[in-house]
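In case you want the letters, here they are:
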Amino acid sequence: MMNQTPYTDSAYHTKPVSISRLSKTVPSVVFYRYFFPIVWDASRIAQRGMYDDAAWVKSSIDVFRALERVGVVFHITGMDMLSGLNTPCVIIGNHMSVLETAILPGIIQPRRRVTFIVKHSLLSYPIFGSVIRARNPIAVIRTNPRQDLKTVLEQGTDQLNRGVSIIVFPQTTRVQIFDPGHFNSIGIKLAQRASVPVIPLALLTDAWKEGPLLSDIGSIDPSKLVHFAFGEPIWIQGRGTDAHQEVIQFIHQNLMKWQNRIFGGGPNGDRTRVSGVRGQRPDR
């Protein structure tokens, strides 16, 4: 499967390509002309019970290529952290847009089997719900933290024991500002319970904005660089407080580094502030 994906090394950087005039003028229109058929085809395959690992990777990479076609530039680093592990892991990252949920399967699945922790309501989404259900995610209701923790620990441990890694977004919802105070430790608790490492993931994906009517259908802004950075594996010691702070610090440092490049007058030097880091709090 590896040769089907462009992410074949430890890092990936979009190469300069010629962008059509139409894509430059109305990138969102052109992107969704590609995106909707991708989702529709994935849904039809899922409804037939045939949406397997290879189909998931293909859909993800098709979305990635559609974004690049309209001028979105990706910088992805640390992918060797995923391929170098001989154990499943819990991948813990900040959550900014729908872009990461669309792109991460194409990055991670060729290296190791993976699934997400998702909101239960997503399973009943029209069209896309069948795709999510086909990937056997861990679904939480978000209204009962105690029950959600029990669900994640039980189902997550079972998945990890079967060799399936888990992607966790502890912020629970998409936010532009990274606030450690709203970054819970559920991923740390899961990794500790299953005796597996965590991989920190920092990302900056505001090139795909929230939609005014449907949150997943927002405008595409190619002027904003997309960043993914995977960190070194962290094994949980003690209560996991130190590991939790290491994940937070990794995300914080990368966001600040990318932000400094923006304000320093790089290719996106005129872009507005979209990510920041508020004061850190202890593990809750």
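To start, this report covers the structure provided alongside it.

The rules behind these values
- Residues numbered from 1 in each chain as written.
- Predicted model: local features only at pLDDT ≥ 70, side-chain atom pairs only at ≥ 80, totals over all residues.
- Heavy atoms only, no water.
- Salt bridge = Lys/Arg side-chain N within 4 Å of Asp/Glu carboxyl O.
- Helix = DSSP H or I, 4+ residues; strand = E, 2+ residues; numbered from the N terminus.
- Buried < 20%, exposed > 50% of the residue type's maximum accessible area, 1.4 Å probe, protein only.
- Pairing = 2+ DSSP bridges.
- Contact = heavy atoms within 4.5 Å.
- Axes fitted to C-alpha atoms, helices over the stretch in contact; angles between N-to-C directions.
- Expected span 1.5 Å × (residues − 1).
- Core = buried A, V, L, I, M, F, W, Y, C linked by side-chain atoms within 4.5 Å.
- Parallel < 35°, antiparallel > 145°, perpendicular 65-115°, else oblique.
- Nonpolar A, V, L, I, M, F, W, Y, C, P; charged D, E, K, R; others polar.
- Phe/Tyr/Trp six-rings, centres within 6.5 Å; stacked < 30°, edge-to-face > 60°.
- Lys NZ or Arg CZ within 6 Å of the ring centre and 35° of its normal.

Structural notes on the pattern of salt bridges
Considering all chains together, one arrives at 6 salt bridges under this definition. Of the charged contacts in the structure, one is a salt bridge between Arg135 and Asp53, with a shortest N-O distance of 2.5 Å. Placement of the pair is Arg135 in the loop between helix 6 (128-134) and strand 5 (138-140) and Asp53 in helix 3 (residues 53-69), with a sequence separation of 82 residues. Here Arg162 makes a salt bridge to Asp158, at a shortest N to O gap of 3.3 Å. With a relative accessible area of 40%, Arg162 lands in the partly exposed category. Given a relative accessible area of 40%, Asp158 falls into the partly exposed group.

Looking at the sheet that holds strand 7 (residues 198-204)
In space, the 8 strands of this open sheet follow the order 1-2-8-7-3-6-4-5, with mixed pairing throughout. Pairing within the sheet leaves two strands with one partner each, and these edge strands are strand 1 (12-13) and strand 5. Sheet topology places strand 7 next to strand 8 (residues 226-230); 4 bridges connect them, and they run antiparallel. Pairing of Leu201 across the sheet is with Phe230, part of strand 8. Of the strands in this sheet, strand 3 (90-93), strand 4 (114-119), strand 5 and strand 6 (165-168) touch helix 7 (residues 145-161), which is tilted by about 180 degrees from strand 5.

Quick notes on helix 3
Here helix 3 contains 17 residues, and its C-alpha end-to-end distance of 24 Å stays within 8% of the 24 Å for a straight helix at 1.5 Å per residue. Those residues of helix 3 that sit buried are Ala55, Trp56, Val57, Ser59, Ser60, Ile61, Val63, Phe64, Ala66, Leu67 and Glu68. Along its buried surface, helix 3 packs onto strand 1, helix 2 (27-47), strand 2 (74-77), helix 5 (98-108) and strand 4. Immediately beyond the C-terminal end of helix 3, within one or two residues, lies Gly71, with a positive phi of roughly 105 degrees.

What about the pairing of strand 7?
The side chains of a regular strand alternate, residue by residue, between the two faces of the sheet. Of all 7 residues making up strand 7, 7 are buried, and the element is well covered by its neighbours. Side-chain alternation along strand 7 places Val198, Pro200, Ala202 and Leu204 on one buried face and Ile199, Leu201 and Leu203 on a second face that is also buried. Of the strand pairs in this sheet, strand 3 and strand 7 are connected by 4 bridges, and their pairing is parallel. Note that in strand 7 the partner of Ile92 across the bridge is Pro200.

Looking at the side chain of Ser60
Mapped onto the elements, Ser60 comes out in helix 3. For Ser60, a relative accessible area of 3% gives the class buried. In this structure Ser60 touches Ala102, Ile103, Leu104, Pro105 and Gly106, once residues within four positions along its chain are discounted.

Comments concerning the nonpolar core
The biggest cluster of nonpolar side chains holds 86 residues, and the ones touching the most others in it are Phe74, Trp208 and Phe230. Here Phe74 is in contact with Tyr12, His13, Thr14, Phe64, Leu67, Glu68, Leu99, Ile103, Val226 and Phe228, once residues within four sequence places are set aside.

Quick word on the packing of helix 2 against helix 3
In contact at an axis separation of 9 Å, helix 2 and helix 3 are set at 175 degrees when each is read in the N-to-C sense. Taken together, helix 2 and helix 3 sit at an angle that is classed as roughly antiparallel. Residues Phe31, Tyr34, Phe35, Ile38 and Ala42 of helix 2 form the contact with helix 3, whose own contacting residues are Ser59, Asp62, Val63, Ala66, Leu67 and Arg69. For the contact of helix 2 with helix 3, a count of residues per class yields 8 nonpolar, 1 polar and 2 charged.

Description of the packing of aromatic side chains
Summed over the entire model, instances satisfying the criterion amount to 15 aromatic pairs. Ring centres 5.4 Å apart and planes at 75 degrees place the aromatic pair Tyr12 and Phe64 in the edge-to-face group. Here the residue Tyr12 occupies a position in strand 1, and Phe64 occupies one in helix 3, the gap between them amounting to 52 residues. When its relative accessible area of 1% is taken as the criterion, Phe64 is described as buried. Taking 6.0 Å as the distance between ring centres and 55 degrees as the angle between the ring planes, the aromatic pair formed by Phe35 and Phe36 counts as tilted. Through a chain of ring-to-ring contacts, the aromatic side chains of Phe31, Tyr32, Phe35, Phe36 and Trp208 assemble into a single cluster. It is Arg33 that lies over the ring of Tyr34; its NZ or CZ is 5.5 Å from the centre.

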